[in-house]
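# A structural walkthrough
These are the residues of each chain, in order.
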Amino acid sequence: VRLVESGGGLVQAGGSLRLSCVASGVTSNTPHLGWYRQRPGKEREFVAAIRGISGITNYADSVSGRFTISRDNANTVHLQMNSLKPEDTAIYYCNARGSDYWAILIGYWGQGTQVTVSS
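Criteria and thresholds
- Residues numbered from 1 in each chain as written.
- Predicted model: local features only at pLDDT ≥ 70, side-chain atom pairs only at ≥ 80, totals over all residues.
- Heavy atoms only, no water.
- Helix = DSSP H or I, 4+ residues; strand = E, 2+ residues; numbered from the N terminus.
- Polar contact = N/O pair within 3.5 Å; in protein donor to acceptor, adjacent residues only side chain to side chain.
- Contact = heavy atoms within 4.5 Å.
- Phe/Tyr/Trp six-rings, centres within 6.5 Å; stacked < 30°, edge-to-face > 60°.
- Buried < 20%, exposed > 50% of the residue type's maximum accessible area, 1.4 Å probe, protein only.
- Lys NZ or Arg CZ within 6 Å of the ring centre and 35° of its normal.
- Disulfide = S-S within 2.5 Å.
- Lys, Arg positive; Asp, Glu negative; His and termini not counted.
- Salt bridge = Lys/Arg side-chain N within 4 Å of Asp/Glu carboxyl O.

### Remarks on the side chain of Arg66
Residue placement: Arg66 occurs in the loop between strand S6 (57-59) and strand S7 (67-73). Within the structure, the side chain of Arg66 is placed 2.9 Å from the backbone oxygen of Ser83, a separation counted as a polar contact. With residues near it in sequence (within four places) discarded, Arg66 still touches Gln80, Met81, Asn82, Ser83, Leu84, Lys85 and Asp88.

Structure (structure tokens):
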């Protein structure tokens, strides 16, 4: 299984970035896909997820209304990040899993992509 993220970078506060992730080799036809992030000195935390079949989405409170998760097909997911804040600075990780339970760190992970928001 391989997950490859892209789209990170440096942006000013208030700006936007779009992250993408392509998953290959996942055995499930329609895995649940999501994003986590790890801010400096913090533990990895849930950001957003989209269910494999229904497409139902859920978000962390800290990003709700600013971030949008979407998928092109079963194995490609995007995270549109608007109104970025300096506290959004983190390494963002793509995740694929068979379970729709996002409170625990399971499944397959990408290598991470750095997002830096300057004030």
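### Examining the packing of aromatic side chains
Overall, the coordinates contain 4 aromatic pairs when judged by the stated rule. Judged by centre distance (6.3 Å) and plane angle (40°), the rings of Tyr36 and Trp102 are tilted. With Tyr36 in strand S4 (residues 32-38) and Trp102 in the loop between strand S9 (90-97) and strand S10 (108-109), this pair connects stretches of sequence that are 66 residues apart. Assessed through its relative accessible area of 7%, Trp102 is described here as buried. Ring centres of Phe46 and Trp102 lie 5.9 Å apart, and the angle between their planes is 40°; on these two criteria the pair is classed as tilted. A residue pair is termed long-range when its members are at least 10 positions apart, and Phe46 in strand S5 (residues 45-50) and Trp102 in the loop between S9 and S10 qualify at 56 residues. Exposure remark for Phe46: the relative accessible area of 18% places this residue in the buried category. Through a chain of ring-to-ring contacts, three or more aromatic side chains come together here, namely Tyr36, Phe46, Trp102 and Trp109. Above the plane of the ring of Tyr93 lies Arg44, whose end atom (NZ or CZ) is 3.6 Å from the centre. Here the basic side chain of Arg44 rests over the ring of Trp109, its NZ or CZ set 4.7 Å away from the ring centre.

### A look at the state of the cysteines
Counting across every chain of the model gives 1 disulfide. Residue Cys21 pairs covalently with Cys94 via a disulfide, S to S 2.1 Å. Disulfide Cys21 to Cys94: torsion about the S-S bond roughly -85°, handedness left-handed. Of this pair, Cys21 sits in strand S3 (residues 17-24) while Cys94 sits in strand S9, placing them 73 residues apart in sequence.

### Observations concerning the side chain of Glu5
By the element assignment, Glu5 lies in strand S1 (residues 2-6). Although Glu5 lies buried, it forms no salt bridge, and the closest oppositely charged side chain, Arg44, sits 7.5 Å away as judged by the N-O distance. In this structure the side chain of Glu5 is engaged in a polar contact, spanning 2.7 Å, whose partner is the backbone nitrogen of Cys94. Polar contacts involving the side chain of Glu5 include one to the main-chain amide nitrogen of Gln111, which spans 3.0 Å. If near-sequence neighbours (up to four positions away) are discounted, Glu5 is found in contact with Ser20, Cys21, Trp35, Tyr92, Tyr93, Cys94, Gly110, Gln111, Gly112 and Thr113.

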